[in-house]
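Take a look at the letters that make up each chain.
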Amino acid sequence: MNTQGNKGVIFNIQRFAIHDGPGIRTTVFFKGCPLRCWWCHNPESHKILPEKFDGCNLRRGFDQSFSMEKDDVGKEISVDELMIEISKDRVFYEESFGGVTFSGGEPLMQSDFLTKLLYDCKMIGIHTTIDTSGYASEDVINKIADKADLFLYDLKLMNDSLHQKYTGVSNQLILKNLIALDQHGRKIIIRIPIVPELTDTNENLFAIRGFISYLSNVVEVNLLPYHKAGEGKYLRYGKENKMSNTESPEIKNLKNIKQFFSELNCKVKIGG
Ligand code: SF4
């Protein structure tokens, strides 16, 4: 299987998305992620290759024309095929100042495929957003930085040992890449998962706000409350859910966090 260049592996296409960047968007979910966040809502995205699961139906959320076998998660697709899917809703992008968002999983894991898609979108004037954990090599960041219009960039835990414990990787590369993107002058929306007792601690939120305050191109901060919507997927795909005893954060708490981040010189929103 060729997962580089002209072909890639995705596991969903969501049309008319309104929480993954400006306007009405098509969100393309890339398969494969180097992280293993305890609170992940898309555990089926982790492995890069297509997988078969008994009894799941990944056609939910897909456009009917984008066919996949009933029990498959992930499908190999070419740049040209995907551009046909993306281009179908061009009129809505134009009217709403929307576009396409490449999400996942981690889209930077298939950087050659992503680069070609970004190029093709630019050629026909489609706005592009990359939703990323930021965990990629410096080369990949430099290659992608000037090709996308906007980055949705996750900041999860500033303490490196906690980051390693709850996501499986160090945060050093992620922080370094965020500084590099900022220096490239790219527009960035920071996304913070608000997970009770894990990311939602005074120490962590202070450290995140302090880090953001040194960046020049953060246009918005999104607070993404943990919710249990992904719980069913852990059952469906037979994966261990380490968060089964965790509840969603209270709205009053979210409002306090929003107030706390409003000291930064940018918009702050609860949700994407
Ligand atoms: S970075 Fe995103 S897709 Fe990857 S494990 Fe974490 S939450 Fe899931």
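This text goes with the structure placed above it.
As the structure is a computational prediction, the values presented were derived from the model and not from experiment.

Q: Teacher, can you tell me more about the environment of Ile86 here?
A: Positionally, Ile86 belongs in helix 1 (residues 79–87). Given the relative accessible area of 0%, Ile86 is considered buried. On a C-alpha basis, the gap between Ile86 and Asp149 in space is 16 Å, while along the polypeptide they are 63 residues apart. Ignoring any residue separated from it by four or fewer positions in sequence, one finds Ile86 in contact with Val28, Tyr93, Val100, Phe102 and Ile126.

Q: I'm lost on the site of the ligand in this one. Help?
A: Cys33, Leu35, Arg36, Cys37, Cys40, Ser45, His46, Gly105, Ser133 and Lys156 make up every residue found near the ligand. Split by residue class, the shell around the ligand holds 4 nonpolar, 4 polar and 2 charged.

Q: Sorry, what's going on with the packing of helix 1 against helix 3 (residues 111–123) here?
A: The geometry of a pair of packed helices is captured by two quantities: the angle between their axes and the separation between those axes. Where helix 1 contacts helix 3, the axes come no closer than 10 Å and their chain directions differ by 45 degrees. Relative to helix 3, the element helix 1 is oriented oblique. Handedness of the crossing formed by helix 1 with helix 3: right-handed. Of helix 3, the residues touching helix 1 (which contributes Val79, Asp80, Leu82 and Met83) are Phe113, Lys116, Leu117, Asp120 and Cys121. Here the contact of helix 1 with helix 3 is built from residues that sort into 6 nonpolar, no polar and 3 charged.

Q: Help me understand the environment of Leu264 in this model?
A: Structurally, the position occupied by Leu264 is in the loop between helix 9 (251–261) and strand 11 (267–270). Sequence separation between Leu264 and Ser161 is 103 residues, and the spatial gap between their C-alpha atoms is 26 Å. When near neighbours in sequence (up to four residues on either side) are disregarded, Leu264 contacts Arg209, Ile212, Ser213 and Val221.

Q: Sorry, what's going on with the nonpolar core here?
A: Side chains of a nonpolar character, in soluble globular proteins, are inclined to be buried together. Grouped together as the largest cluster of nonpolar side chains are 67 residues, with contacts concentrated most on Phe102, Ile190, Val221 and Phe261. With near-sequence residues (within four places) excluded, Ile190 lies in contact with Tyr153, Leu155, Leu178, Ile212, Val218, Glu220, Val221 and Asn222. Counting residues in each nonpolar core, the second largest holds 5 residues, with Phe11, Phe29, Phe53 and Val73 among its members.

Q: Explain a nonpolar patch on the surface here, please?
A: A contiguous nonpolar patch, built from Phe16, Val91 and Phe92 and spanning about 260 Å² of accessible area, is present on the exposed surface. Tracing the backbone through its elements, the reader meets Phe92 in helix 2 (residues 90–96).

Q: Is there a simple way to think about unusual backbone geometry in this case?
A: What is expected of a backbone is that most residues other than glycine have negative phi and most peptide bonds are trans. The peptide bond linking Gly104 to Gly105 adopts the cis configuration, its omega dihedral lying at 10 degrees. With respect to the element layout, Gly105 can be found in the loop between strand 6 (99–103) and helix 3. The backbone phi angle of Glu197 is positive, close to 70 degrees, even though this residue is not glycine. Its place among the elements puts Glu197 in the loop between strand 9 (187–194) and helix 7 (202–213). In this structure Glu197 comes out as exposed when scored by relative accessible area, which is 72%.

Q: Is there a simple way to think about the packing of helix 3 against helix 4 (residues 138–145) in this case?
A: Following both chains from N to C, one finds helix 3 and helix 4 inclined at 10 degrees, their axes separated by 10 Å at the closest point. One way to sum up the angle between helix 3 and helix 4 is to call them roughly parallel. Contact residues: helix 3 offers Ser111, Asp112, Leu114, Thr115 and Leu118, while helix 4 offers Val140, Lys143 and Ile144. Residue composition of the contact of helix 3 with helix 4, grouped by class: 4 nonpolar, 2 polar and 2 charged.

The rules behind the values
Once a new chain begins, its residue numbering starts again from 1 and follows that chain's sequence as written. In keeping with the predicted nature of the model, local features appear solely for residues at pLDDT of at least 70, side-chain atom pairs appear and are counted solely at 80 or more, and the whole-chain, interface and lining totals rest on all residues. Computation of side-chain values: all heavy atoms of the structure, hydrogens and water removed. Helical segments are the DSSP runs of H or I of at least four residues, strand segments are the runs of E of at least two, and each set is numbered from the N terminus. Any residue under 20% of the maximum accessible area for its type is buried, any over 50% is exposed, and the rest in between are partly exposed; the area is computed with a 1.4 Å probe on protein chains only. Any two residues having at least one pair of non-hydrogen atoms within 4.5 Å are treated as being in contact. One heavy atom within 4 Å of a molecule or strand is enough for the residue carrying it to be called near that molecule or strand. Asp, Glu, Lys and Arg are counted as charged, while Ala, Val, Leu, Ile, Met, Phe, Trp, Tyr, Cys and Pro are counted as nonpolar; the rest, among them Gly, fall into the polar class. Axes, fitted as lines to C-alpha atoms, cover a helix only where it is in contact. Angles between the N-to-C directions of the axes lie from 0 to 180 degrees. When describing relative orientation, an angle under 35 degrees is termed roughly parallel and one over 145 degrees roughly antiparallel, while 65 to 115 degrees is termed roughly perpendicular and anything else oblique. By convention the crossing between two helices is left-handed if the near helix lies anticlockwise of the far one by an angle smaller than a right angle, and right-handed if it lies clockwise. The criterion is simple. A nonpolar core is a set of buried Ala, Val, Leu, Ile, Met, Phe, Trp, Tyr and Cys residues joined through side-chain atoms within 4.5 Å. Only residues above 30% relative accessible area that lack a salt bridge enter a patch, with like-charged residues linked at up to 9 Å and the nonpolar side chains Val, Leu, Ile, Met, Phe, Trp and Tyr linked at up to 5 Å. Every accessible area reported is derived by Shrake-Rupley at a probe size of 1.4 Å, with residue values counting cover from the shown protein chains alone. The salt bridge criterion pairs a side-chain nitrogen of Lys or Arg with a carboxyl oxygen of Asp or Glu, the two atoms within 4 Å.

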